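Residues per chain are reported as follows:
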Amino acid sequence: MVLMRVMLWLSLCLLLAAVGSGCGPGRGYGKRRHPKKLTPLALKQFIPNVAEKTLGASGKYEGKITRNSERFKDLTPNYNPDIIFKDEENTNADRLMTQRCKDKLNSLAISVMNQWPGVKLRVTEGWDEDGHHSEESLHYEGRAVDITTSDRDKSKYGMLSRLAVEAGFDWVYYESKAHIHCSVKAENSVAAKSGGCFPGSSVVTLADGRTKPLKELQVGDRVLAADQQGNLLLSDFLMFMDQDRQITRQFHVLETEEPRRKLTLTPAHLVFVLNNNSTDSGDTRAVFASNVKPGQRLLVVGNDQPDHLIPSTVRQVHMEQHEGSYAPVTSHGTIIVDQVLASCYAVVEDHQLAHWVFAPVRLWRAFLSLVGMVKELSIVHQADGVHWYPELLYHVGSRLLDSSSFHPQS
């Protein structure tokens, strides 16, 4: 295991050096909230500036979906009245797409109406069941759409491309004067399934004791967390490993007895449970949320002792659907969410390893503090999607670690 950690660390250092820009800005940073000037894409430009079927964009091709294949059930029809579907085959095939593609397309439709009142989004190509596209096209998986505006005004297409980027498509290509090509990651990729940990409505506690919805966290905030001994402390919020404001997904809900607490998180996220009959807040182990059972004990902030973590027994585990999905990272790798201690990490059931390989992120933050740039970062926002660094870790780790180290849904 030690050798594996060394190999993983060396690989990450080499990859980190290759990308040059470090752990800070990354994809999605640098766009100011107010005001926000949108720059149209140029013809033949694509964002991100990598090939479509690579890690940094929509990911690898996973095979053609036909009406008779098992994966056909993964496609969902889109009957949004604010979108015009060309459907030249008259089969409604263009309306079929993955849920992720549907979410991004619906978000884009709203942006188009806001940008040009009276104009709607138009889809000319969606899922392809007839083989009209190039080999291994993501159209065959319902992960790609070709779009225009309803008025077919070509002068709008550069801005339409930019709106598609802002809507969260994983790859946008101003392919020709006739249309824009957009695609998304696969539903079973780390970005679509394992990314994100808490719903946006979950609450964290700030340095001054006030609470704040997790979705509103900004770089520069200090939030309540805990050290390895289970002592409460304040920790710097570094970034979101993943965030998706529009997605609606199923979360595990862990409800405890006195004091009554309710922690909502994704199945692959790590949470700390006390070992056996221990009452020592430092005697815990990190487990996947999906493996927590009634009778196990979590660490929660006490009612009478708000400066201490105390054990509270899980009385119920169930599922709930919530909007928004956010994966915060703090300097200490832990965070108090809805008054319950949780890890910042997911997918791999080894909190210490996960915290160890995120050392470059903490070093980058320390450098920014040293040169006085943290305040500047607090006024920029991170676009929806998985930050490149954790996605890189996932793919490197999948080569170096045994598959049993990962959550089954990853």
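This text gives an overview of the structure that appears in the document. For clarity, every value in this text was computed on a predicted model and none was experimentally measured.

Overview of the overall build of the chain
The number of helices and strands found in the chain is 8 helices and 22 strands. Taken over 410 residues, the chain has a buried fraction of 54%. Relative to all contacts within the chain whose residues are 6 or more apart in sequence, the contacts with residues 24 or more apart total 67%. Surface summary for the chain: the accessible area is close to 18500 Å², and the carbon and sulfur share equals 51%.

Quick notes on the pattern of salt bridges
Going through the model one piece at a time under the given rule, you end up with 15 salt bridges. For K104, the salt bridge goes to D244, with nearest N and O atoms at 2.9 Å. Here the residue K104 occupies a position in helix α2 (residues 99-115), and D244 occupies one in strand β13 (residues 232-256), the gap between them amounting to 140 residues. Given a relative accessible area of 2%, K104 falls into the buried group. Overall, the relative accessible area of 7% leaves D244 in the buried class. With a closest N to O distance of 2.8 Å, K156 and D151 form a salt bridge. What you see here is one network of salt bridges that share partners, running through R100, K104, D170 and D244.

Section: helix α6 (residues 359-370)
The end-to-end C-alpha distance of α6 is 16 Å, a good match for the 16 Å that 12 residues give at a rise of 1.5 Å each. Of all the residues in α6, the buried ones are A359, P360, V361, R365 and L368. At the exit of α6 stands G372, carrying a positive phi of roughly 75°.

Concerning unusual backbone geometry
With an omega dihedral of -5°, the bond running from I47 to P48 counts as a cis peptide bond. As for its position among the elements, P48 is in the loop between β2 (46-47) and β3 (76-77). The residue after E258, namely P259, is reached through a cis peptide bond having omega -10°. Within the element layout of this structure, P259 appears in the loop between β13 and β14 (262-265). Look at K44: it is not a glycine, yet its phi comes out positive at around 75°. Relative to the assigned elements, K44 resides in the loop between β1 (31-32) and β2. In the Ramachandran plot, E136 falls in the positive-phi region, its phi being about 65° despite a non-glycine side chain. Along the chain, the position of E136 falls in the loop between β6 (121-125) and β7 (144-149).

Regarding the pairing of strand β19 (residues 334-337)
A two-sided burial pattern is seen for β19, the buried positions comprising T334 and I336 on one face and I335 and V337 on the other. Bridge count between β19 and strand β20 (residues 340-346): 4 bridges; the pairing is antiparallel. Bridge assignment links I336 to a residue of β20, and that residue is L341.

Some thoughts on the sheet that holds strand β8 (residues 171-176)
Spatially, β2-β8-β9-β7-β6-β4 is the arrangement adopted by the 6 strands of the open sheet, whose pairing is mixed. Of all the strands in the sheet, the pair left with one neighbour each is β2 and β4 (83-85). Bridging between β4 and β6 involves 3 bridges; their strand directions are parallel. Looking at β6, one finds that I84 is bridged to R122.

Regarding a nonpolar patch on the surface
Taken together, the side chains of F367, L370 and V371 make up a nonpolar region of the molecular surface, amounting to roughly 320 Å² of accessible area. Structurally, V371 is set in the loop between α6 and α7 (374-377). Under the relative-accessibility criterion, V371 is labelled partly exposed at 42%.

Considerations on the environment of K73
Note that K73 resides in the loop between β2 and β3. Sequence separation of K73 and T98 is 25 residues, and the distance between their C-alpha atoms is 9.5 Å.

Calculation criteria
- In this numbering scheme, every chain counts its residues from 1 along its sequence in written order.
- Reporting in this predicted model follows two pLDDT cut-offs: at least 70 for local features of residues, and 80 or more for side-chain atom pairs to be given and counted; totals over whole chains, interfaces and linings ignore these cut-offs and use all residues.
- Side-chain metrics rest on all non-hydrogen atoms present in the structure, leaving aside hydrogens and water.
- Put simply, DSSP H or I for four residues or longer makes a helix, DSSP E for two residues or longer makes a strand, and each gets a number counted from the N terminus.
- For every residue, the accessible area (1.4 Å probe, protein chains only) is compared with the maximum for its type, and the residue is labelled buried under 20%, exposed over 50%, or partly exposed between those bounds.
- We call two residues in contact whenever any of their non-hydrogen atoms come within 4.5 Å of each other.
- Only the protein chains shown count as cover for residues, and the accessible areas themselves come from Shrake-Rupley with a 1.4 Å probe.
- Salt bridge, as used here: a side-chain nitrogen of Lys or Arg that lies within 4 Å of a carboxyl oxygen of Asp or Glu.
- A helix is expected to reach a length of 1.5 Å times the quantity of its residues less one.
- DSSP bridges decide pairing: two strands pair if at least two such bridges lie between them.
- Residues enter a patch when their relative accessible area is above 30% and they make no salt bridge; the linking distance is 9 Å between like charges and 5 Å between nonpolar side chains (Val, Leu, Ile, Met, Phe, Trp, Tyr).

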